[in-house]
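# Report on the structure
Next come the chains, spelled out residue by residue.
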Amino acid sequence: MTVHLEIADGVGTIRLDRPPMNALDVATQDRIKELAEEATARDDIRAVVVRGSEKVFAAGADIKEMQAMDHAAMVVRSRALQDSFTAVARIPKPVIAAITGYALGGGCELALCADYRIAGENAKLGQPEILLGLIPGAGGTQRLSRLVGPSKAKDLIFTGRHVKADEALAIGLVDRVVPADEVFDAAHAYAARLAQGPAIALRAAKEAIDAGLETDLETGLALERTWFAGLFATEDRETGMRSFVEEGPGKAKFA
């Protein structure tokens, strides 16, 4: 298998394992979708980490495989490619990308599907598809522009240049930079912390933010209002408020 799902401390880790560069061939794309859907369905997974190897997150698509495809083949495959990454973005639990080394092309697009990105000091991110006479096809033109803004996204996509960790942090492409040998521990610790939180409220927060960004403010506020009121029917809300009243803030233990 080119991708594995490992579970510890309520965290499901989707680990890319296709040496030497974790190139995202068709089989790997399909496996990512399969494991994202499994992570969605499993109750013993409350947060997710997506990671590669120590030296590379994912260096993009398998170019030799793509070179053999004609227009008709890619018309069919491009939807499946996007769907495999969208399955990660739609995991209704916190998703953290642990980025080491290269995260280029499809690798960068996969990282964009996470809710939070922790990068090593050795990380290099980019969308170099333009150098192949292409554009990003796994969500890069859409998710990157929503994350860093259209101007910065166009710079990265038009030039195909690589962004080092410090610049990625400055433009909002990643959220935290740590020494390379601390990336996986930092990502797991953050995910494990979130895994201890109220699962339904975390799901509500993620859906309200993600869906709200795709609509107008009034519709987004209505979505927030619906989720907010609905959470008053949950055991976690009762636990959280009771703990606050009896013990003070931040001490609730959720099931």
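First, a word on scope: everything that follows refers to the structure included in this document. (Residues numbered from 1 in each chain as written. Predicted model: local features only at pLDDT ≥ 70, side-chain atom pairs only at ≥ 80, totals over all residues. Heavy atoms only, no water.)

### Focus on the sheet that holds strand β6 (residues 102–104)
If you trace the four strands from one edge of the open sheet to the other, you get β4-β6-β8-β9, paired in mixed fashion. The outermost strands of the open sheet, each flanked by one partner alone, are β4 (56–58) and β9 (162–164). Averaged over all adjacent pairs, the angle separating strand axes in this sheet is 20°, with direction ignored. Note: β6 against strand β8 (residues 124–126), three bridges, orientation parallel. In the sheet register, Ala 103 faces β8, and the bridge partner there is Leu 125. (Pairing = 2+ DSSP bridges. Helix = DSSP H or I, 4+ residues; strand = E, 2+ residues; numbered from the N terminus. Axes fitted to C-alpha atoms, helices over the stretch in contact; angles between N-to-C directions.)

### Digging into the pairing of strand β7 (residues 116–120)
A regular strand carries its side chains on alternate faces of the sheet. Of all five residues that make up β7, five are buried, and the element is covered over most of its length. For strand β5 (residues 95–99) and β7, the ladder comprises four bridges, and the chain directions are parallel. Paired with Ile 99 across the two strands is Ala 119, which belongs to β7. Sheet topology note: the β7/strand β10 (residues 176–178) ladder contains three bridges and is parallel. If you follow Ile 118 over to β10, its bridge partner there is Arg 176. (Buried < 20%, exposed > 50% of the residue type's maximum accessible area, 1.4 Å probe, protein only.)

### Examining the packing of aromatic side chains
Counted according to the given criterion, the structure contains two aromatic pairs. Relative to Tyr 190, the ring of Tyr 116 has its centre 4.6 Å away and its plane inclined at 35°; by these criteria the two rings are tilted. Of this pair, Tyr 116 sits in strand β7 while Tyr 190 sits in helix α8 (residues 183–195), and the two are 74 residues apart along the sequence. We classify Tyr 190 as partly exposed; its relative accessible area is 22%. Summarising the aromatic geometry, the rings of Phe 228 and Phe 232 are spaced 5.6 Å apart at their centres and angled 70° between planes, so their arrangement reads as edge-to-face. According to the relative accessible area criterion, Phe 228 is exposed, its value standing at 55%. Relative accessible area serves as the criterion here: at 38%, Phe 232 is assigned to the partly exposed category. (Phe/Tyr/Trp six-rings, centres within 6.5 Å; stacked < 30°, edge-to-face > 60°.)

### A look at a negative patch on the surface
A surface patch of like charges, here negative, comprises Glu 121, Asp 181, Glu 182 and Asp 185. For Glu 121, a relative accessible area of 56% puts it in the exposed group. (Patch = residues over 30% accessible without salt bridge, like charges linked within 9 Å, V, L, I, M, F, W, Y side chains within 5 Å. Areas by Shrake-Rupley, 256 points an atom, 1.4 Å probe, with all protein chains shown as cover. Salt bridge = Lys/Arg side-chain N within 4 Å of Asp/Glu carboxyl O. Lys, Arg positive; Asp, Glu negative; His and termini not counted. Charge placed at Lys NZ, Arg CZ, Asp CG, Glu CD.)

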